[in-house]
Amino acid sequence: MADSLSIHLRRCSRTFTGNAPALYPLDLDIVAGETLVLLGPSGCGKTTTLRIISGLETPDEGGEVWFGDRNVTALPIEKRNVGMVFQNYALFPNMNVADNVGYGLRIQGIPKEERRERVDELLAMVDLLPFALRPVDALSGGQKQRVSLARALAARPKVLLFDEPLAALDVKLRERLREDIAMLLRKLNITAVYVTHDQQEAMALGDRIAILEQGRIAQIGTPREIYQQPATRFVADFVGAINGLQPVGPGTAMRYCRPEDIQLVAPAAGICNGRICGQLFLGATQRLLIDIGGETPIQVDCSAREQWQTGQKVGISIADERILAL
């Protein structure tokens with residue numbers, strides 16, 4: 001695999017004809033060898049950012065894209081040495097697995113023997129070597145995505161780009177492939193940019209996460225920083241559930257906390273009390289909804305083995321260090 005390199009976006013914006021800006025002027029530095037996840041809801045600008053990095057979109061005038069110390073703003077995708085993995089696989093249905101992976105190498109004129117060795121190496125890497133001669137139409141969705149990943153790596157790109165590659169897969173398969181991709185990226189030490197709207201996917205894969213909101217970066221940091229120290233209510237809401245606690249007195253700011261940071265205690269022992277008004281069984285955990293007199297119940301996560309009753313009166317306890325100020 002080629003040496004990884006850094007990526008730098010400078011004043012990159014994108015406005016489409018007749019529409020509001022899809023992306024406001026953006027400065028972004030991606031460290032060589034890291035996996036940066038672009039996370040946010042539909043229409044926030046994450047895919048536009050990815051396409052600008054790839055060369056599929058050109059930034060508005062004044063924007064620049066740098067790969068290391070090289071300005072690649074004017075270069076098309078085929079000259080940027082990037083690999084892309086898409087949600088829809090983009091495989092050739094009339095070719096078998098090995099031919100799909102080696103197609104780009106054949107177009108580049110790589111000798112047949114070298115091409116075969118590289119394809120075998122990549123198929124072994126994604127655990128598909130026994131399927132080399134199988135038609136791609138005979139593969140499962142997860143296997144097709146592995147073929148797509150192997151093909152993206154075949155040309156030994158310096159940058160690997162993922163555009164919501166797991167969105168079409170079922171939950172169990174998505175979790176398995178997510179783990180495999182995470183292990184592979186660590187092994188390859190390649191610079192990767194990964195677009196998703198799934199916060200669990202982002203937490204599992206990203207060395208850092210950039211949260212986008214309406215065409216701007218709302219916060220960028222490690223998964224732990226994003227989750228435990230969200231900069232805004234939007235970020236806190238998007239990467240997990242959040243509770244708003246009513247001010248305790250005049251002039252006191254709104255306080256927030258995560259559902260797992262609340263302890264249920266005897267009514268007299270809490271900072272406030274309420275009644276259980278709902279229960280959601282989630283397998284290993286359960287989520288209790290507690291009416292404390294606000295507009296909406298607060299959410300409390302606890303072990304599914306604990307026994308609670310709807311209507312039961314409880315106290316709410318939260319350690320000071322677990323309270324978020326947004």
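A brief report on the enclosed structure follows. Please read these numbers as outputs of a predicted model, since none were measured by experiment. (Residues numbered from 1 in each chain as written. Predicted model: local features only at pLDDT ≥ 70, side-chain atom pairs only at ≥ 80, totals over all residues. Heavy atoms only, no water.)

### So, the overall build of the protein chain
Within the protein chain one finds eight helices and 17 strands. Its C-alpha atoms give the protein chain principal-axis dimensions of roughly 80 × 50 × 35 Å. Within the protein chain, the proportion of its 326 residues that are buried is 46%. Long-range contacts, defined here as pairs at least 24 residues apart, represent 62% of the contacts in the protein chain between residues at least 6 apart. In the structure as shown, the protein chain presents an accessible area of about 16300 Å², 49% of it carried by carbon and sulfur atoms. Charged side chains of the protein chain number 36 positive and 38 negative; the gap between the two group centres comes to 3 Å. (Helix = DSSP H or I, 4+ residues; strand = E, 2+ residues; numbered from the N terminus. Buried < 20%, exposed > 50% of the residue type's maximum accessible area, 1.4 Å probe, protein only. Contact = heavy atoms within 4.5 Å. Areas by Shrake-Rupley, 256 points an atom, 1.4 Å probe, with all protein chains shown as cover. Lys, Arg positive; Asp, Glu negative; His and termini not counted. Charge placed at Lys NZ, Arg CZ, Asp CG, Glu CD.)

### So, the environment of Leu 185
Structurally, the position occupied by Leu 185 is in helix 5 (residues 171-188). Every residue in contact with Leu 185, bar those within four places of it in the chain, is listed here: Thr 35, Leu 160, Phe 162, Ile 190 and Ala 192.

### A short note on unusual backbone geometry
When glycine is set aside, most residues are seen to have a negative phi, and most peptide bonds are trans. Of note in this structure, Arg 11 is not a glycine but carries a positive phi near 55 degrees. When you line up the elements, Arg 11 lands in strand 1 (residues 7-14). Judged by its relative accessible area of 44%, Arg 11 falls in the partly exposed class.

### Describing the sheet that holds strand 2 (residues 23-30)
Here we have four strands laid out as an open sheet, ordered 2-1-4-5, and antiparallel in their pairing. Two strands close off the open sheet at either side, each with one partner strand: strand 2 and strand 5 (70-71). For strand 1 and strand 4 (residues 64-67), the ladder comprises four bridges, and the chain directions are antiparallel. In the strand pairing of strand 4, Leu 9 is matched with Val 65. (Pairing = 2+ DSSP bridges.)

### Focus: helix 3 (residues 112-125)
Along an α-helix, a turn takes 3.6 residues, which lines up residues three or four apart on a common side. The first and last C-alpha atoms of helix 3 sit 20 Å apart over 14 residues, in line with the 20 Å expected at 1.5 Å per residue. Those residues of helix 3 that fall on the buried side of the exposure criterion are Arg 115, Arg 118, Val 119, Leu 122 and Leu 123. For helix 3, the buried positions fall inside an angular range of 135 degrees around the axis, keeping them on one side. Where helix 3 is buried, its residues meet helix 2 (97-107) and helix 4 (141-154). Phi for Asp 127, located one or two positions after helix 3, is positive at around 60 degrees. (Expected span 1.5 Å × (residues − 1). Arc of directions from axis to C-beta.)

### Side note on the side chain of Lys 46
Tracing the chain through its elements places Lys 46 in helix 1 (residues 46-54). Here Lys 46 is in contact with Leu 38, Leu 39, Gly 40, Pro 41, Glu 164, Val 195, Thr 196, His 197 and Leu 212, once residues within four sequence places are set aside.

### Structural notes on the layout of surface pockets
By volume, the largest pocket is sized at about 580 Å³. Looking at the largest pocket, it is lined by 20 residues, and the ones nearest its centre are Val 82, Gly 83, Met 84, Arg 151 and Ala 155. Elements with a minimum of two residues in the lining of the largest pocket: strand 6 (82-86), helix 2 and helix 4. Per-class residue counts for the lining of the largest pocket are 14 nonpolar, four polar and two charged. (1 Å grid on protein atoms, 1.4 Å probe; cavity = no way out; pocket = protein on both sides within 12 Å on 5 of 7 lines; lining within 4 Å. Points joined across faces, edges and corners; volume = space filled by probe spheres on them. Nonpolar A, V, L, I, M, F, W, Y, C, P; charged D, E, K, R; others polar.)

### Brief notes about the sheet that holds strand 8 (residues 191-196)
Each strand in a sheet pairs with another by means of backbone hydrogen bonds, the pair being arranged parallel or else antiparallel. Here we have six strands laid out as an open sheet, ordered 6-7-8-3-9-10, and mixed in their pairing. The two strands at the open ends of the sheet, each matched to only one other strand, are strand 6 and strand 10 (216-221). For this sheet the average axis-to-axis angle between neighbouring strands, irrespective of direction, equals 15 degrees. Taken together, the five bridges between strand 6 and strand 7 (residues 159-163) define a ladder with parallel strand orientation. Looking at the pairing, Val 85 lines up with Phe 162 of strand 7. (Axes fitted to C-alpha atoms, helices over the stretch in contact; angles between N-to-C directions.)

### A few points about the pairing of strand 7
Counting buried residues in strand 7 gives five out of five residues, a clear majority hidden from the surface. Burial along strand 7 is two-sided: Val 159, Leu 161 and Asp 163 and Leu 160 and Phe 162, pointing in opposite directions, are all buried. Bridge analysis of strand 7 against strand 8 gives five bridges, and the strand direction is parallel. Following the sheet pairing, Leu 161 is matched in strand 8 by Val 193. Handedness of the crossover joining strand 7 and strand 8 through helix 5 is recorded here as right-handed. (Right-handed = clockwise from strand over helix to strand, strands pointing away.)

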